[in-house]
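Fold and contact review
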Amino acid sequence: MLSRPRSTFSISSLGRTARGFATLLLAAAIAVSGSVSAFAQNVPVVRDAEIEALVRDYARPIFKAAGLANDGVNIILVNDQSFNAFVTGRRLFINTGALMMAETPNEIIGVIAHEAGHIAGGHQQKLREQLERAKTMAIIATLLGAGAIVAGATTNSRGLAGAGMGVAAGGGEMAQRSILAYQRTEETTADRSAITYLNATGQSGMGMLKTFGRFQSALSLSGAQVDPYRISHPMPQERIANLEVLVKQSPYVDKVDPPALQQRHDMMRVKIAAYMGGQAAATRLMRKSPGSLASRYGEAQLAYLYGNLAASLAKTNALIKEQPKNPYFQELRGDILMKANKPKDAADAYAKAVSLDPARSGLLPVSYGQALMAVGTPKSLKKAVVQINNGLGRDRENAEGYRYLAQAYGELGNIPAAELATAEGRFYSGDYKNAKIFAMRAQQKLKRGEPGWLRAQDIINYAPSGKIKK
Ligand SMILES: [Zn+2]
């Protein structure tokens, strides 16, 4: 499932009928600097187990080569057709537009390598530290705000200035000048580091060169829209020329991505095209490789999205036959069966997806839990609670997951647990005020000192500066 927007500016609910179809548009108050900013805004985050796992697979070896993180990389997909990618600590933010534009994994891997170079080099350290402390939603709001400000679309810059972000100092022009001034050397350093990481992992720098070259030469692909990445990464001719020398010196310059990885990349692009761009966008992409696994995956997705469930199921079953261990084919099968109002069969498919998923995504158990909730027996509701909790254990910031958890507890008659789950969901979407209200309600019904009571107390005590008062 890849969630996508139904209506543009609402906090959407991923209801059963809307499965696979809703972007989490979350109103996130910016809390980076401790003061709630005036430009709380809607943040289009998309969640998808398959894409997150793939991008994590791109990032992991690079992060390791850069000495950044031994374990997981948190991937945050931003539903925006412009090109942007940004790393903070172990969180990698990447626009779906960037993934769509890249024809090969190597193009994305190169950009990740460059961003890792910024991190390892301690560039913009103050900003990054502040971002690291902040919640994911607040960061995205900040970044989107940054893009908007640089593009001259808004003049409200208090929140960003508080976050220590140079771009917020004034209007677009001034922001751009200050960025250019301090970034020139940092960009060169990050490019060099990127090549080091690519060499260490036996990968070519051609993808990075291609991506940067595109920014340097042409107008943004998205027309009038300014790509945030392009603004934050000046690409003067000299820089591209220097990079080209480094790329071509590498013994891995001609290395191409492994076919299996390219296939996953192609499937991801078709999926994004189908969900974000609709039939026309997906068909355009599929026409380039008719009959390929990615194209047939796209056909199954389109049939699902446009309500031809029987055809979609047949196509998905054929895909499963071809790749029986692919968890995302099972996930799609689950999505189709949910839409066809067959929650029991859907639950079986999701259960398979969960057991096959090497990335241990927190999303798949939540989908499994939703199917169990739809089955609706007391026994399946209890199982649903276990699965959703399992998913949230892997993925604490999944605000939507708490909504389902709250619903499942509610249907089981466990009101304090439902209220605490609601508090958690509000908390992780940046709505601290309502989080506290629900936490207090839960506390009234819980025994003082028990784990749920203590968690509620943490939420009540939470100060948006990032510290929990004791
Ligand atoms: Zn850069």
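Quick caveat: nothing in here was measured; it's all calculated off a predicted structure.

Thresholds, definitions, all that
- Residues numbered from 1 in each chain as written.
- Predicted model: local features only at pLDDT ≥ 70, side-chain atom pairs only at ≥ 80, totals over all residues.
- Heavy atoms only, no water.
- Helix = DSSP H or I, 4+ residues; strand = E, 2+ residues; numbered from the N terminus.
- Buried < 20%, exposed > 50% of the residue type's maximum accessible area, 1.4 Å probe, protein only.
- Expected span 1.5 Å × (residues − 1).
- pLDDT = per-residue confidence, 0-100.
- Contact = heavy atoms within 4.5 Å.
- Salt bridge = Lys/Arg side-chain N within 4 Å of Asp/Glu carboxyl O.
- Phe/Tyr/Trp six-rings, centres within 6.5 Å; stacked < 30°, edge-to-face > 60°.
- Lys NZ or Arg CZ within 6 Å of the ring centre and 35° of its normal.
- Axes fitted to C-alpha atoms, helices over the stretch in contact; angles between N-to-C directions.
- Parallel < 35°, antiparallel > 145°, perpendicular 65-115°, else oblique.
- Left-handed = near helix turned anticlockwise from the far one by under 90°.
- Nonpolar A, V, L, I, M, F, W, Y, C, P; charged D, E, K, R; others polar.
- Bend = angle between axes of the 7 residues up to and from the residue.
- Polar contact = N/O pair within 3.5 Å; in protein donor to acceptor, adjacent residues only side chain to side chain.
- Pairing = 2+ DSSP bridges.

1. Looking at unusual backbone geometry
Its identity is not glycine, yet Asn 341 carries a phi of approximately 65°, on the positive side. Examined against the element boundaries, Asn 341 turns out to sit in the loop between helix H14 (327-339) and helix H15 (343-356). For Asn 341, a relative accessible area of 65% corresponds to the exposed category. The phi dihedral of Arg 360 falls on the positive side, at around 50°, and the residue is not glycine. Looking at where Arg 360 falls in the secondary structure, it is placed in the loop between H15 and helix H16 (363-375). Relative accessible area serves as the criterion here: at 52%, Arg 360 is assigned to the exposed category.

2. Looking at the environment of Ile 119
Looking at the secondary structure, you find Ile 119 in helix H3 (residues 105-120). By relative accessible area, which is 15% here, Ile 119 ends up buried. Distance in space between the C-alpha atoms of Ile 119 and Ala 190 is 8.6 Å, their sequence separation being 71 residues.

3. A look at H3
A turn of α-helix holds 3.6 residues, and therefore any two residues three or four places apart point the same way. The first and last C-alpha atoms of H3 sit 22 Å apart over 16 residues, in line with the 22 Å expected at 1.5 Å per residue. In terms of burial, H3 is largely enclosed, as 15 of its 16 residues are buried. Trailing H3 by a residue or two, Gly 122 shows a phi angle of about 70°, which is positive.

4. A closer look at the confidence of the model for the protein
The share of residues in the protein with pLDDT of 70 or more is 72%, and the mean pLDDT across the chain is 79. Here residues 4-42 scores under 50 on pLDDT; set against residues more than four positions off or in separate chains, the count is 125 contacts. Low pLDDT, under 50, characterises residues 147-180; the stretch is placed with 47 contacts to residues that sit more than four places away or in other chains.

5. Describing the pattern of salt bridges
Here the structure, examined in full by the defined rule, presents 17 salt bridges. Between Arg 264 and Asp 57 there is a salt bridge, and its shortest N-O distance comes to 2.9 Å. Taken as a pair, Arg 264 in helix H11 (residues 259-286) and Asp 57 in helix H1 (residues 49-65) lie far apart in primary sequence, 207 residues in all. On the basis of relative accessible area, Asp 57 is assigned to the partly exposed category, the value being 27%. The closest approach of N and O atoms between Glu 244 and Lys 248, which form a salt bridge, is 2.7 Å.

6. What to know about the packing of aromatic side chains
For any pair of aromatic rings, geometry is given as the distance between the ring centres together with the angle between the planes. Scanning the model with the defined rule gives six aromatic pairs in all. A ring pair is formed by Phe 427 and Tyr 428, whose centres lie 5.1 Å apart and whose planes are at 85°; its orientation type is edge-to-face. Residue classification places Tyr 428 among the buried residues on the basis of a relative accessible area of 10%. Connected via pairs of aromatic rings, a cluster forms that spans Tyr 402, Phe 427, Tyr 428, Tyr 432 and Tyr 462. Here the basic side chain of Arg 441 rests over the ring of Phe 438, its NZ or CZ set 4.6 Å away from the ring centre. The aromatic ring of Phe 427 is capped on one face by Arg 455, whose charged end is 5.3 Å from the ring centroid.

7. Details of the packing of H1 against H3
Interhelical geometry of H1 versus H3 gives an angle of 45° and a closest axis separation of 9 Å. Taken together, H1 and H3 sit at an angle that is classed as oblique. Handedness of the H1/H3 crossing: right-handed. Contacts from Val 55, Tyr 58, Ala 59, Ile 62 and Phe 63 in H1 reach Pro 105, Ile 108, Ile 109, Ile 112, Ala 113 and Ala 116 in H3. Among the residues making up the contact of H1 with H3, the classes are represented as eleven nonpolar, no polar and no charged.

8. With respect to H1
A rise of 1.5 Å per residue sets the reference length of H1, with its 17 residues, at 24 Å; its end C-alpha atoms lie 25 Å apart and thus fit the reference within 8%. If you look at H1, its biggest bend is around 30°, right at Ala 59, and the proline Pro 61 turns up within four residues after that. Measuring from the backbone nitrogen of Glu 50 back to the side-chain oxygen at the start of H1 gives 3.2 Å, which picks out Asp 48 as the cap. Two residues or fewer after H1 comes Gly 67, characterised by a positive phi angle close to 70°.

9. Topic: the pairing of strand E5 (residues 91-95)
The buried count for E5 comes to five of five residues, which makes it a mostly enclosed element. Side-chain alternation along E5 places Arg 91, Phe 93 and Asn 95 on one buried face and Leu 92 and Ile 94 on a second face that is also buried. Pairing of strand E3 (residues 74-78) with E5, which is carried by five bridges, proceeds in the parallel orientation. Each bridged residue has a counterpart across the sheet, and for Val 78 the counterpart in E5 is Asn 95. Both strand E4 (residues 85-88) and E5 contribute to a ladder of four bridges, which runs antiparallel. Within E5, the residue paired with Ala 85 across the bridge is Ile 94.

10. What to know about the environment of Gly 298
Mapped onto the fold, Gly 298 is located in helix H12 (residues 293-305). On the basis of relative accessible area, Gly 298 is assigned to the buried category, the value being 0%. Each C-alpha atom, one on Gly 298 and one on Met 268, is 9.3 Å from the other, the two residues being 30 residues apart in sequence. Excluding residues that lie within four positions of it along the chain, Gly 298 makes contacts with Val 270 and Met 286.

11. Notes on the side chain of Thr 211
One can find Thr 211 in helix H8 (residues 206-217). Assessed through its relative accessible area of 1%, Thr 211 is described here as buried. What Thr 211 contacts, discounting residues up to four positions off in sequence, is Phe 83, Glu 107 and Val 111.

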